[in-house]
Amino acid sequence: MIDFHCHLDLYHSPRQVLAEVVRRQVYVLAVTTTPLAWEGTNRLIGDAPRVRIAAGLHPELVATRYMEVDRLCGLVPRTRYVGEIGLDGSSPHRHSLRKQQSVMQAVLKACERAGGRVISIHSRRAATLVLDELEAHPDCGVPVLHWFSGTNAELRRAIDRGCWFSVNPSMVASKTGRRLLVNIPPERVLTETDGPFVHHNGGPAMPWHVADVETALGHLWEIPATVVSERLRANFACLVRHAKQLPTVG
Ligand code: MN
């Protein structure tokens, strides 16, 4: 099982969740929302197997914490994974879009300077603007659009740009999510939970709930669950192989 976008540090009991992740052998990309949280999450996770940590600055926090962008750019050379970053154009956050754009530009430039990164990206109500930034920074690495909810035309553009997509329980449960999913090449799909923000089975989505996303993908792709697992495992292996080749310092 693979949870490629999870806020492991933000659960009520992160240590318990981590222990269960290790016990169930889930592969997790622990995204972070601020550079400081990246440091704390590194301490939390230590050398737990199968868990990787991404350095980020969440677009919803940019209005008040944009000054932390320099600190994040300083971390980029040290980590192969960047996220959560991106743009949010929904009404509570639209007012900070300009600041969000300048933060995203600075981080993508840092990714380019570092030789490319695997980047987990938020694009709610801002898919076109996110794609504009990705096209303006062609050497930033491999963008993984998390919980993509754009139009079919935006999806087409994202696929052409080489984006990957991480898919969570909310996305497979919604009509719009499924409408997009049938048009995404299966070899660009990964599973995620976005826990604890996404809710599933009456509580925060847990990393192992990606099993339910796998089941839903099996129905959508009309293939058996075992083949879905193999597909996702191969996708993940491909991305990790790529990430391992990226240069890092420190
Ligand atoms: Mn998230």
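Higher on the page you've got the structure.
Criteria and cut-off values
- Residues numbered from 1 in each chain as written.
- Predicted model: local features only at pLDDT ≥ 70, side-chain atom pairs only at ≥ 80, totals over all residues.
- Heavy atoms only, no water.
- Helix = DSSP H or I, 4+ residues; strand = E, 2+ residues; numbered from the N terminus.
- Expected span 1.5 Å × (residues − 1).
- Buried < 20%, exposed > 50% of the residue type's maximum accessible area, 1.4 Å probe, protein only.
- Contact = heavy atoms within 4.5 Å.
- Salt bridge = Lys/Arg side-chain N within 4 Å of Asp/Glu carboxyl O.
- Pairing = 2+ DSSP bridges.
- Axes fitted to C-alpha atoms, helices over the stretch in contact; angles between N-to-C directions.
- Core = buried A, V, L, I, M, F, W, Y, C linked by side-chain atoms within 4.5 Å.
- Donors = N, O, S within 2.8 Å, 3.2 Å for Na, K, Ca; no water.
- Phe/Tyr/Trp six-rings, centres within 6.5 Å; stacked < 30°, edge-to-face > 60°.

A. Summary view of helix α5 (residues 97–113). Relative to the 24 Å expected for 17 residues at 1.5 Å per residue, α5 spans 24 Å between its end C-alpha atoms, a close match to the ideal helical length. Residues L97, Q100, Q101, V103, M104, V107, L108, A110 and C111 constitute the buried set of α5. Buried residues along α5 sit in contact with α3 (62–65), α4 (69–75), β4 (81–86), β5 (117–122) and α6 (127–136). Residue G115 follows α5 closely and has a positive phi angle near 100°.

B. Geometry of the pattern of salt bridges. Using the criterion set out here, one finds 9 salt bridges in the structure. A salt bridge links E20 to R24, with the shortest nitrogen-to-oxygen separation between them at 2.8 Å. Take R24: its relative accessible area is 36%, and that puts it in the partly exposed class. Of the charged contacts, one joins R124 and D88 as a salt bridge, the two residues approaching to 2.8 Å between their closest N and O atoms. Within this pair, whereas R124 is found in the loop between β5 and α6, its partner D88 is found in the loop between β4 and α5, the two being separated by 36 residues in sequence. On the basis of relative accessible area, R124 is assigned to the partly exposed category, the value being 36%. The buried category is assigned to D88, whose relative accessible area is 0%. Residues joined by salt bridges that share partners form a network here, namely E20, R23 and R24.

C. How the structure looks around the sheet that holds strand β6 (residues 141–146). Pairing in this open sheet of 5 strands is parallel, and the strands run β4-β5-β6-β7-β8 from one edge to the other. The two strands at the open ends of the sheet, each matched to only one other strand, are β4 and β8 (189–191). Geometrically, the sheet is characterised by an average inter-axis angle of 30° between neighbouring strands, direction not taken into account. In the sheet, β6 pairs with strand β7 (residues 164–167) via 3 bridges, with the strands oriented parallel.

D. Main features of the nonpolar core. Counting residues in hydrophobic clusters, the biggest one holds 81 residues, and the most contacted among them are F4, L8, V107 and L134. Top contributing element to this core by residue count: α5, with 7 residues. When neighbours within four sequence positions are excluded, L134 is seen to be in contact with M104, L108, I121, C140, P143, L145, R161 and C163.

E. The arrangement of the coordination of the manganese ion in detail. The coordination sphere of the manganese ion contains the protein donors H5 (NE2), H7 (NE2), E84 (OE) and D194 (OD), at a distance range of 2.2 to 2.3 Å. In primary-sequence terms, the residues that donate to the manganese ion follow H-x1-H-x76-E-x109-D. Of this pair, H7 sits in the loop between β1 (2–6) and α1 (14–23) while D194 sits in the loop between β8 and β9 (199–200), and the two are 187 residues apart along the sequence. An identical accessibility class is assigned to H7 and D194; each is buried.

F. Up close: the packing of aromatic side chains. Enumeration according to the criterion identifies 4 aromatic pairs in this entry. Between F148 and F165, the aromatic rings sit 5.8 Å apart at their centres with planes inclined by 75°, giving edge-to-face as the arrangement. Within this pair, whereas F148 is found in the loop between β6 and α7 (152–160), its partner F165 is found in strand β7, the two being separated by 17 residues in sequence. The pair formed by F148 and F165 is uniform in burial state, with each residue classed as buried. Grouping aromatic residues by their ring pairs yields a cluster made of F4, Y27, Y81 and F236.

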